[in-house]
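The residues making up each chain are set out below.
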Amino acid sequence: MAGEQDSTIGSTDDPIGRSDGTLEGGQRMRIEQLRYVAAVTQYGSLRRASEHLHVSQPALSEAISKLERELGVTLLERRREGARMTLRGKELLEHMMGVLEAVDRLQSAAGGPGAGVGAIRVGTVNAGTASLLLPAIRDFRRERPSARVEVRALQQDEIETGLADGSLDLGLVNVLDEFAMPQRLDGAPLLRGRPVAVVPGAHRLATQSEVDAEDLRTEAFIGMRSGYVMHRFAMRLFQGRPPAAWHSVDGAEMGKMLVAEGLGATVLPDYSVRGDPLERGGLITARPITGDGTRVTMWLLRRRSARPPAAVAALATSLRARASH
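Residues numbered from 1 in each chain as written. Predicted model: local features only at pLDDT ≥ 70, side-chain atom pairs only at ≥ 80, totals over all residues. Heavy atoms only, no water.

Q: Can you walk me through helix α2 (residues 46-53) in this structure?
A: Within the span of α2, buried status applies to Leu46, Ala49 and Ser50. Buried positions in α2, seen along its axis, are confined to an arc of 100 degrees and lie on one side of it. On its buried face, α2 sits against α1 (31-43), α3 (57-71) and β3 (76-79). (Buried < 20%, exposed > 50% of the residue type's maximum accessible area, 1.4 Å probe, protein only. Helix = DSSP H or I, 4+ residues; strand = E, 2+ residues; numbered from the N terminus. Arc of directions from axis to C-beta. Contact = heavy atoms within 4.5 Å.)

Q: How should the pattern of salt bridges be read in this particular structure?
A: What the rule picks out here adds up to 14 salt bridges. One salt bridge in this structure joins glutamate 68 and arginine 78, with 3.3 Å as the shortest N-O distance. Separated by 10 residues along the polypeptide, glutamate 68 in helix α3 and arginine 78 in strand β3 bring together distant segments of the chain. When its relative accessible area of 36% is taken as the criterion, arginine 78 is described as partly exposed. A salt bridge links arginine 88 to glutamate 91; its shortest N-O distance comes to 2.9 Å. (Salt bridge = Lys/Arg side-chain N within 4 Å of Asp/Glu carboxyl O.)

Q: I would appreciate a short explanation of the packing of aromatic side chains in the present structure.
A: In this description, a pair of aromatic rings is defined by centroid distance and the angle of the planes. On inspection of all chains with the given rule, the structure shows four aromatic pairs. An angle of 55 degrees between the planes, with centres 5.0 Å apart, marks the rings of phenylalanine 179 and tryptophan 299 as tilted. In this pair, phenylalanine 179 sits in the loop between β7 (170-176) and β8 (185-193) while tryptophan 299 sits in strand β14 (residues 296-303), placing the two residues 120 residues apart along the sequence. Ring geometry for phenylalanine 221 versus phenylalanine 238: centroids 5.2 Å apart, planes at 90 degrees, classification edge-to-face. Of the two residues, phenylalanine 221 sits in strand β10 (residues 221-224) while phenylalanine 238 sits in helix α8 (residues 229-238), which places them 17 residues apart along the sequence. With relative accessibility at 1%, the residue phenylalanine 221 sits in the buried group. An aromatic cluster is built from Phe221, Phe238 and Trp246, whose rings are joined through pairwise contacts. (Phe/Tyr/Trp six-rings, centres within 6.5 Å; stacked < 30°, edge-to-face > 60°.)

Spelled out as structure tokens, the structure:
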């Protein structure tokens, strides 16, 4: 951070450092330089990273440029539309995030001024928000009132990438069938359910005990955009003959809002609908899909590391506890 003027790193095991805590040429690497690189990776541009860190953009750019000179490596490709990590930068980012995680654990254990300052970044496909994520955050904040949680609505591949490169701490994704755990990630299933048809509470289909593909095919359909697991399920359900009227949205929350407004029907995991305020208010309702035996599972993912920061582990514990209720 900007106030960490004398924070340096170096290790006999670190290929970019020496045992006396300095780099080649006698220069010293500071922790905030690594935080700056991580912020640019997370926010996608020097400008947005500087706004988040409350550091001037020239100062941020110069600190990263100095780190690049010290390492002898170009970390960022600077473009007019933003900045992104180079291939070599991505290779080193995992080591940088390991250092930052270790610093966070040390500050948390010591209870120092830096403990709990950084937001816990959660990527979610927006399923189980009302029934799981929000109650878990409330439980977590009850024990850690000063902690901050940043929730980002993303697709599954974006969540997996963000966890791997360190721009996310936890991820919530839906999977169908068997799940092949991506390299560098760990995870565990939280919720298991089945896809259901979601219709307005006063819709004619709400009077049926079940809804089949033909029922949905005659309605305007609100489908998840390609890349979401429920888009894949819908393609399977309609067997190449989708409804004529098809609206695409990003994530279950927007889908439920459009259903509540009477703009169509959708398919979602049952745990995404159960307990939602729109369902409790009677604006939407869910019905089983006739003859469908598909199972859908929500997984909690995080980057594989020896030990996550204490606050990240605490939020993961809250999520698991809520899922077991």
